[in-house]
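A structural walkthrough
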Amino acid sequence: DTLYCGYYELRAYTLWQLNWGVYEHEHSKGTLSWFYNEDMCKEYYRDYEKLYSRVFPVYKKPEEAGKYTHDMVIRPLRRYFKTREEHPKANVSFYPEGGQWVEGLMQRIAFEACSEDGEHLDGKLYILEGEDTIATSYTEHRGRGVITLQATKENNYTAYFEWGKGISATDSMNTSKNRQKVDLPQRTKEGVVLYVEQSADSLCLNVSSTNLLTDSLAFTIMCSGVLQKTMNIPPPQNGGYNTRLAIPLDSLSTGITQVTVFDGNGRVWADRLTFVRHEDLHLQTIRFDDIKDSYEPYEKISVNVQGLPNESLSLAIRDKALAPPTNDSGTLLTEILLSSQIRGFVEHPEYYFEHDDEIHRRHLDLLLMVQGWRRYDWHTMTHSFP
């Protein structure tokens, strides 16, 4: 009874973890009046990439003992503000594959669209060169999508995002009132593009670079911090790199795989996360038998549980109807193989493992292109600092 109802976030971390990955969410100056003091406001909008986070709900106290509901009462000290009258806004973030958006090279750029309240937005992205639309793409899953284009240093580009009901592939721009201009990421004149895809038996890497890059390159493949493959990339014959490599999947472990391209000085030019899955992901180590689809109240339940030899098992039983309706529905499998390996919260992580088909694989790859994206600041990494 000392807490207001609502969704709470629990964070666990060490002080050492606060040295990296700190960033601040956008907010207006007027939000300071919503908090008791300025420090509380700063802490609310400050976030970290490396912390453990768990969101859980706090509901209204039951009026009758044992009769639980999912009701949340209005907070008694909450201030009321007028609803905004202007059109809603979209936040669109871009994530160039490999880390940098490189001029002159064909490249995939992942994007994620959400509302000001953090809800996913489904819509269409336009890239314009002057008045001409040169590339379009739709969101595919939970506000995420991929667009492919080749930027030249001579041209300037603008981007628009449209969202709302009824947007289809036959629409032209300006058909939706929910249309907003969005900022594209900065481009670099010198860089490496890393294109990663999987075939039935290989992890295929396409490494291309601008002509300005003459350094020797190599790559590593790691899984859960363990080095699995390292190889020098054949030097370019004419100008920049344009190399395709195929790594047998049977030489890689199940889980998130990190591909890193670097030069002889240790400079990271490109980095990409992808997911490799084998049959061991679907091995059934625990089996339940003799379970009916439904039971009567207070009916005795007999369950036959079989596990691996010489292994201890723990069992928990609960009423699913009383489970809190949150997006945090992960398991030990999803936490170890996915959620703990990338930044941010992964909603309904079990979705990416429920089926091993092309759609689920692509949606998982989109998740890794967005929440697994990283870009290294070479000057910051090499500059002396305490």
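These figures come from a predicted structure and were not determined experimentally. For every chain, the first residue of the written sequence is number 1, and numbering continues from 1 onward in sequence order. It should be noted that, the model being predicted, local features are given only for residues of pLDDT at least 70 and side-chain atom pairs only at 80 or more, the latter also being counted only at that level, while totals for whole chains, interfaces and linings use all residues. Computation of side-chain values: all heavy atoms of the structure, hydrogens and water removed.

1. With respect to the overall build of the chain
Counting its regular elements, the chain contains four helices and 22 strands. Think of it in three bands: residues with accessible area under 20% of the maximum for their type are buried, residues over 50% are exposed, and the middle band is partly exposed, with areas taken using a 1.4 Å probe on protein chains only. Out of the 386 residues belonging to the chain, those deemed buried represent 35%. Note on contacts: a residue pair qualifies if any of its non-hydrogen atoms lie within 4.5 Å across the two residues. In the chain, the proportion of contacts linking residues at least 24 apart, taken out of those at least 6 apart, comes to 62%. For every accessible area listed, the method is Shrake-Rupley and the probe measures 1.4 Å; residues are considered covered only by the protein chains on display. Roughly 25,600 Å² of accessible area belongs to the chain as shown, and the carbon and sulfur atoms make up 49% of that amount. Strands are runs of DSSP state E lasting at least two residues, helices are runs of H or I lasting at least four, and both sets are numbered from the N terminus onward.

2. Regarding the layout of surface pockets
Taken as a whole, the second largest pocket encloses approximately 930 Å³ of empty space. Of the two site types, the cavity is a set of points on a 1 Å grid over the protein atoms alone where a 1.4 Å probe fits but cannot get out, and the pocket is an open set with protein on both sides within 12 Å along at least five of seven lines, each lined by residues with an atom within 4 Å of a point. Lining the second largest pocket we find 28 residues, and of these Ser-329, Gly-330, Thr-331, Leu-332 and Leu-333 sit closest to its centre. Here the lining of the second largest pocket is composed, by residue class, of 14 nonpolar, nine polar and five charged. Grid points are joined across faces, edges and corners, and a volume is the space filled by probe spheres set on the points. Basically, the charged four are Asp, Glu, Lys and Arg, the nonpolar ten are Ala, Val, Leu, Ile, Met, Phe, Trp, Tyr, Cys and Pro, and anything else, Gly included, counts as polar.

3. Concerning empty space enclosed by the protein
Empty space left among the atoms is revealed by rolling a probe the size of a water molecule over them. This structure, assessed with the given rule, holds one cavity of 30 Å³ or more. Around the largest cavity, the lining residues are Tyr-95, Pro-96, Glu-97, Gly-98, Asp-271, Arg-272, Leu-273, Leu-368, Met-369, Gly-372, Trp-373 and Arg-374. Contributing elements (two or more residues each) for the lining of the largest cavity: β5 (90-96), β20 (268-276) and α3 (358-371). Split by residue class, the lining of the largest cavity holds six nonpolar, two polar and four charged.

4. Focus on the nonpolar core
One broad trend across soluble globular proteins is that nonpolar side chains are buried collectively. Here, nonpolar core means buried Ala, Val, Leu, Ile, Met, Phe, Trp, Tyr and Cys residues that are tied together by side-chain atoms lying within 4.5 Å of each other. Grouped together as the largest cluster of nonpolar side chains are 21 residues, with contacts concentrated most on Leu-203, Leu-205 and Val-261. In this structure Leu-203 touches Val-196, Glu-197, Gln-198, Ile-221, Leu-245, Ala-246, Ile-247, Leu-249, Leu-252, Val-259 and Thr-274, once residues within four positions along its chain are discounted.

5. Comments concerning the pairing of strand β11 (residues 157-163)
Residues in a regular strand project their side chains so that they alternate between the two faces of the sheet. A large share of β11 lies buried, amounting to five of its seven residues. Direction of pairing for strand β8 (residues 123-129) relative to β11: antiparallel, over a ladder of seven bridges. Pairing of Gly-123 across the sheet is with Trp-163, part of β11. Sheet topology note: the β11/strand β12 (residues 179-182) ladder contains four bridges and is antiparallel. Note that in β12 the partner of Glu-162 across the bridge is Arg-179. Following DSSP output, two strands are said to pair if at least two bridges run between them.

6. Observations concerning the environment of Leu-333
Along the chain, the position of Leu-333 falls in helix α2 (residues 332-337). When the C-alpha positions of Leu-333 and Glu-350 are compared, they lie 8.6 Å apart, and in sequence the two are 17 residues distant.

7. A closer look at the packing of aromatic side chains
Note on aromatic contacts: the rings of Phe and Tyr and the six-membered ring of Trp form a pair at centre separations within 6.5 Å, being stacked when their planes are under 30 degrees apart, edge-to-face when over 60 apart, and tilted otherwise. Overall, the coordinates contain nine aromatic pairs when judged by the stated rule. Ring centres 5.3 Å apart and planes at 50° place the aromatic pair Phe-35 and Tyr-44 in the tilted group. For a Lys NZ or an Arg CZ to count as sitting over a ring, it must be within 6 Å of the ring centre and within 35 degrees of the ring normal. Its end group placed over the ring of Tyr-351, Arg-142 keeps NZ or CZ at 5.3 Å from the ring centre. Above the face of the Trp-101 ring, Arg-187 is positioned so that its terminal group lies 5.5 Å from the ring centre.

8. Comments concerning the side chain of Thr-257
Mapped onto the elements of the fold, Thr-257 is located in strand β19 (residues 255-263). Excluding residues that lie within four positions of it along the chain, Thr-257 makes contacts with Ile-221, Met-222, Arg-272, Leu-273, Thr-274 and Val-276.

9. Things to note about the sheet that holds β5
Spatially, three strands are ordered β5-β7-β10 in an open sheet, and the strand pairing comes out antiparallel. Bordering the open sheet on either side are β5 and β10 (144-150), each of which pairs with just one other strand. The mean angle between the axes of side-by-side strands here comes to 30°, regardless of whether they run parallel or antiparallel. By the bridge criterion, seven bridges tie β5 to strand β7 (residues 106-115) in an arrangement that is antiparallel. Note that in β7 the partner of Phe-94 across the bridge is Phe-111. Under this scheme, a helix contributes an axis fitted over its contacting stretch, all axes are lines through C-alpha atoms, and angles between N-to-C directions fall in the 0 to 180 degree range. The strands that α3 touches are β5, β7 and β10; relative to β10, the one it contacts most, it runs at about 75°.

10. Regarding the environment of Asn-304
Looking at where Asn-304 falls in the secondary structure, it is placed in strand β22 (residues 304-306). For Asn-304, a relative accessible area of 30% puts it in the partly exposed group. Distance from Asn-304 to Asp-290, taken between C-alpha atoms, is 6.2 Å for residues 14 residues apart in sequence. Setting aside residues no more than four positions away along its own chain, Asn-304 makes contact with Arg-287, Phe-288, Asp-289 and Asp-290.

11. Overview of the pattern of salt bridges
Whenever a carboxyl oxygen of Asp or Glu lies within 4 Å of a side-chain nitrogen of Lys or Arg, that contact is scored as a salt bridge. Here the structure, examined in full by the defined rule, presents 16 salt bridges. Arg-277 serves as the salt-bridge partner of Asp-356, at 3.7 Å between the closest nitrogen and oxygen. With Asp-356 in the loop between α2 and α3 and Arg-277 in the loop between β20 and β21 (287-289), this pair connects stretches of sequence that are 79 residues apart. A cluster of three or more residues bridged by salt bridges with shared partners is formed by Glu-97, Arg-108, Arg-272 and Asp-365.

12. Quick look at the pairing of β20
Among the nine residues that make up β20, nine are buried, leaving the element largely enclosed by the rest of the structure. Relative to β20, β19 is paired through eight bridges, and the arrangement is antiparallel. The residue of β20 that forms the bridge with Val-259 is Arg-272. Counting the residues that bridge the hairpin from β19 to β20 gives four residues, and of these Gly-266 lies at a positive phi of roughly 85°.

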